Amino acid sequence: MTTVGWTISIVIAILLMTWICYLIRRGRRRGELRRLGYWRRWAATLIVILSLVYFYWGAFPNPQFTLSNLGGLTPHQVISRVGTPDMRFETTPPDKNYSALTFDYDDPYRWCGFSYGVIFGRDNRVQWVLVGSH
């Protein structure tokens, strides 16, 4: 994450904590907990927090799909680490030392719609990991 991303996250966290402290302080007033407006503010705060977390989380690709995590693994090791691929392609390799096996994964839970390609190279081990979005 970049410095700008951390700064924005810290500013949003400070603003939300201030709002939560205000709601807690206001809840101490007599009869305030019975009013619908008090609980509506809590619900609005919770919805804002969850939506910010979801949009921030969904803006970045899954960190499991990096060459540093998957590099050098066999197809069985990749499947055990990240799950069964959505699509599996096998073609005739141009060279006997290379494999032409590719696993494609889709990430439906991230709002940017990331897709990942794991390409196996020499000795049927991961050589490339491609990350894209729909």
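Our structure is the block above this text.
Residues numbered from 1 in each chain as written. Predicted model: local features only at pLDDT ≥ 70, side-chain atom pairs only at ≥ 80, totals over all residues. Heavy atoms only, no water.

S.K.: Explain helix 4 (residues 75-82) here, please?
M.R.: The periodicity of an α-helix, 3.6 residues per turn, causes residues three or four places apart in sequence to face the same way. Every buried residue of helix 4 is accounted for by Pro75, Val78 and Val82. Projected down its long axis, helix 4 carries its buried residues within an arc of 60°, all on one side. Exposed residues lying more than 90 degrees from the buried face of helix 4 are His76 and Ser80. Contacts from the buried residues of helix 4 go to helix 3 (67-70), strand 2 (101-106), strand 3 (114-120) and strand 4 (126-133). The first or second residue beyond helix 4 is Gly83, which carries a positive phi of 105°. (Buried < 20%, exposed > 50% of the residue type's maximum accessible area, 1.4 Å probe, protein only. Helix = DSSP H or I, 4+ residues; strand = E, 2+ residues; numbered from the N terminus. Arc of directions from axis to C-beta. Contact = heavy atoms within 4.5 Å.)

S.K.: When you look at the packing of aromatic side chains in this model, what are you seeing that I'm missing?
M.R.: Geometry of an aromatic ring pair is reported as the spacing of the ring centres plus the angle between the planes. Under the criterion given, the structure shown has 4 aromatic pairs. Look at Phe103 and Phe120: their rings are 5.1 Å apart centre to centre, the planes differ by 75°, and that puts the pair in the edge-to-face class. Highlighted residues: Phe103 in strand 2 and Phe120 in strand 3, separated in sequence by 17 residues. In this pair, the class of Phe103 matches that of Phe120, namely buried. The rings of Phe65, Tyr105 and Tyr116 are connected pair by pair, giving a single aromatic cluster. (Phe/Tyr/Trp six-rings, centres within 6.5 Å; stacked < 30°, edge-to-face > 60°.)

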